[in-house]
Amino acid sequence: MTVRRKIAVTIFATGALTALGVIATVLFAFQRFEHETTYHRANAFLGRVVAMYGELFEMHERHPQEFTGFLRNLVLFEPDTQLYLLDAQGTVLAFTGEARLPPGFKVALGPVLEAVGPHPMPYVMGDDPERMDAGAVIAAKPVRRTVIRNDEPVAGYLYLVAHRSRLPEGGLQVVGSSFAKPALAAIVGVVALSTLLAAWIIAAVTRPLRQLSDAVAAVSRDGLEGGPAPAGIAWPDDRSGDEFGRLASGFRAMLATLRQQWEALRRLDHFRREGVSNLSHDLRSPLTATAACLETLEDRWGSDAARDDDRRLVEVALRNTRNAARLVQSLGDLAQLDEPAFQLHAEVLDAGELIDDIVLRFGERAADRGVALQAASAGEPAFVALDIELFERAVANLIDNALKFSRPGDRIALAARRQGPRVEVSVQDTGPGIAEADLPRLFDRFYQSRTSVAPATGEGGKGLGLAIVKRIAELHGGDVKVHSRSGAGTTVTLSLPAAMA
C-alpha cells in the first residue's frame, strides 16, 4: 500500500470514527437530557401530590376501589406515566395501570431509596411493573400516616413510573425530519468538507514524495551514466524552502556528486584495465625471451658437472620467470574479461563431454602426484550455452588449484548435473580443506589462502585463479560457491543457466 493510500485510509477512518463518536455523543446527551427532564417533572409532580394529600394511606384503607380512580385522575395530565402506592417493603398496594399484577408484587427498593435519599440525583432508573422493564425513569416520595408524632416511620412510598415513549405510526418520519435528517446532513457535510481538505493535504504532501520516488526509480533503472537529472522526471520545487524542497535539493546535489565520482571511477577503471592490458602485453615478449635463454643455458650445462651450481641458479631463475609469465598472462586475461565490451562466443553443448576432455588433459599430471582424477558419471545430459575456451579455463583453474593442495592418495572428482533450471559443474577433492576464515574472501583478487603451502603456479599463488573462475561464471550468467571444511576436502561448484539442446 502506498503512502498516499495509507494517509487517505487513516484520514477517512479518523473522520468516520469521529462522525460516529459525534452521533453517539449527541444521542447519549439527548437521552440523558430527556431522562433528567422527565425525572425532575415527575419529582415535582409527586411533591405536589404528597403536599396536597397527606392521608393517602387512610384514603386507600377506607375506600380501596375509589382510591384507584383517584390515582388515575391524578395522572390524567401526565401522559405515559403510571402511579403506584407502595408499602414500606415495596409491595404494590394500588396502581393506575391496566395490567393485572399478582398479589404481593414488589418493586425493587434500591432505586426507590435512591430517589428519596438526601442527595439530589440527576435521574433514577427503576422497575416498570406494567411492562416488566428495569430501565424506566422513576420518581418516589415517602408517605407517612397522619399522626402527631414527628418521628413516625415511613409507611410507604408514592411511586411514579415514566414509560419510555413509544413512537406512534409515522413517528420515525417525525423524528427523522426533526432531528435525524438535519443532524445527518450536517455530519455528511462535515465529512465531505474534511474529505476534500484531506484530499488536498494528501496531494500536497505525497506529490513531492512520489516525484522523489520516481527519480530514485529512474536512477536505479538507468544508472549513473545519464545527464544531471533523470529524463522525464518532475522534481519537487527546491525553492519552496520546506522539508521536501530541501530534501529534493539535497538529493540532486548527492546525485550530482555520485555522478562525478562515478565518472572518475570509470576513468580510473578504464585506465587500470588499459594499463594492465598494455603492461601484460609488453611483458610477455621479454619474459618469453628470458625463459628461452634460461632454458638454453639449462640444456648446455645439464651435462657439465662443473656447472652444477650455475645450473641450479638457472633452474630457480627459470621457475620464477615462468611463474611471472603466468602471472602476467592471468593479469592480461582478467583485464580482458573485465572489459564491458567483452563478448562470449557461446554455443550449446553438453558440459559433461567437456569435463571428460579436461580430465584426460590433466590425467598424467594427477598420476605423477599420486592423485586419482576422474569424471563422475552423469545422468541426463547437462546442456549449457558455453564459451568453450573460457569454460575450460575455469575448470582447469579449479583442477590446478585442487592438485596443488592434494596429497598423494587423495581423489579429485568432476561432475556436471542438471538441477532444475540450472546446471551445476562441481570439482570435489579430498584434500586438506580450507580454513573457515578464508572462505568469505576466497574469490577476492590477490587474496592468498593457505599461505603455508608453496604455490605451484603464478596465478594460484597470487590469488588470481579463483578470481578468473568467478568472472567467467558471471559472464555466463551464473555464480560460483565453495563448500569446505578444514581436513575434510573442498567442493567448488559452478552454477550456470541450463539451455535447450
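Only a predicted model underlies this, so the values are computations on that prediction, with no experimental measurement involved. Along each chain, numbering runs from 1 in the same order as the chain's sequence is written. Given that this is a predicted model, residues contribute local features only at a pLDDT of at least 70 and side-chain atom pairs are listed and counted only at 80 or more, while totals for whole chains, interfaces and linings are drawn from all residues. Hydrogens and water molecules were not included; the side-chain quantities draw on all heavy atoms of the structure.

Chemist: Mind laying out the overall build of the chain, listing which residues take part and the relevant values?
Modeler: Summing up its helical and strand segments, the chain has eleven helices and twelve strands in all. Exposure classes here rest on a 1.4 Å probe applied to the protein chains alone. A residue is buried below 20% of its type maximum, exposed above 50%, and partly exposed in between. The buried share of the chain, reckoned over its 501 residues, is 35%. We call two residues contacting when some pair of their heavy atoms lies within 4.5 Å. Nonlocal contacts in the chain, meaning residues at least 24 apart in sequence, comprise 67% of its contacts between residues at least 6 apart. Roughly 29,500 Å² of accessible area belongs to the chain as shown, and the carbon and sulfur atoms make up 58% of that amount. Numbering of helices and strands runs from the N terminus; a helix is a DSSP stretch of H or I covering at least four residues, while a strand is a stretch of E covering at least two. Method for areas: the Shrake-Rupley scheme with a 1.4 Å probe, in which residue coverage is limited to the protein chains shown.

Chemist: Could you give an account of the confidence of the model for the chain, with specific residues and numbers?
Modeler: Caution is warranted with low-pLDDT regions, since their predicted coordinates should not be read in detail. Per-residue pLDDT for the chain averages 80, and the proportion of residues at 70 or more is 85%. Known as pLDDT, the predictor's per-residue confidence is scaled from 0 to 100. When the criterion is pLDDT under 50, residues 451–460 qualifies, and its contacts beyond four places in sequence or with other chains add up to 21 contacts.

Chemist: Let's hear about helix H3 (residues 64–74): which residues, and what values?
Modeler: For H3, the complete set of buried residues consists of Phe67, Phe70, Leu71 and Leu74. Buried residues of H3 fall within an arc of 100° about the axis and therefore sit on the same side. Pointing more than 90 degrees away from the buried face of H3 are the exposed residues Gln65 and Glu66. The reported arc concerns the directions from the helix axis to the C-beta atoms and nothing else.

Chemist: Summarise the sheet that holds strand S11 (residues 479–484); cite the residues concerned and give the values.
Modeler: For two strands to count as paired, DSSP must find a minimum of two bridges between them. In spatial order, the strands read S7-S9-S10-S12-S11; together these five strands make up an open sheet with mixed pairing. Where the open sheet ends on each side, the last strands, each with one partner, are strand S7 (372–375) and S11. Adjacent strand axes in the sheet meet at a mean angle of 15° when their direction is disregarded. Note: strand S9 (residues 411–419) against strand S10 (residues 422–429), eight bridges, orientation antiparallel. Along S10, the bridge assignment pairs Ala415 with Ser426. Of the strands in this sheet, S7, S9 and S10 touch helix H8 (residues 351–368), which is tilted by about 165° from S7. Convention adopted: a line fitted to C-alpha atoms gives each axis, helices being fitted over their contacting stretch, and angles between N-to-C directions are expressed from 0 to 180 degrees.

Chemist: Which residues make up the pattern of salt bridges, and what values go with them?
Modeler: What makes a salt bridge here is a side-chain nitrogen of Lys or Arg within 4 Å of a carboxyl oxygen of Asp or Glu, nothing more. Within the structure shown, the criterion is met by eleven salt bridges. Among the ionic pairs, Arg322 bridges to Glu295, the shortest N-O distance being 2.9 Å. Taken as a pair, Arg322 in helix H7 (residues 308–338) and Glu295 in helix H6 (residues 243–301) lie far apart in primary sequence, 27 residues in all. On the basis of relative accessible area, Glu295 is assigned to the partly exposed category, the value being 31%. For Asp410, the salt bridge identified is with Arg407, shortest N-O distance 3.1 Å. On the accessibility criterion, Arg407 (40% relative accessible area) is partly exposed.

Chemist: Describe the packing of aromatic side chains, with residues and values.
Modeler: Pairs of aromatic rings are described using the distance from one ring centre to the other and the angle between the two planes. Each aromatic pair joins two rings of Phe, Tyr and Trp (for Trp, the six-membered one) with centres within 6.5 Å, and gets the label stacked for planes under 30 degrees apart, edge-to-face for over 60, and tilted for any other angle. Inspection of the entire model under this criterion finds four aromatic pairs. Relative to Phe70, the ring of Phe67 has its centre 5.9 Å away and its plane inclined at 40°; by these criteria the two rings are tilted. Taken as a pair, Phe67 and Phe70 lie in helix H3 at a separation of three residues, close to a single helical turn. Judged by its relative accessible area of 16%, Phe70 falls in the buried class. For the ring pair Tyr84 and Phe95, a centre distance of 5.8 Å and an interplane angle of 15° mean the geometry is stacked. Placement of Tyr84 in strand S1 (residues 81–87) and of Phe95 in strand S2 (residues 92–95) is noted, with a sequence separation of eleven residues between them.

Chemist: Can you break down a nonpolar patch on the surface residue by residue, with the values?
Modeler: Nonpolar side chains collect at one region of the surface, where Leu193, Leu197, Trp200, Ile201, Val205 and Leu209 lie side by side and expose about 570 Å² of accessible area between them. Mapped onto the secondary structure, Leu209 falls in helix H5 (residues 171–222). Judged by relative accessible area, Leu209 falls into the partly exposed class, the value being 34%. For patches, a residue must show more than 30% relative accessible area and have no salt bridge; joins then use 9 Å for like charges and 5 Å for nonpolar side chains, namely Val, Leu, Ile, Met, Phe, Trp and Tyr.

Chemist: Go over the environment of Asp444 with me, naming the residues and quoting the values.
Modeler: For Asp444, the location among the structural elements is in the loop between S10 and helix H10 (458–461). Through-space distance from the C-alpha of Asp444 to that of Leu466 is 7.9 Å; in sequence the pair is 22 residues apart.

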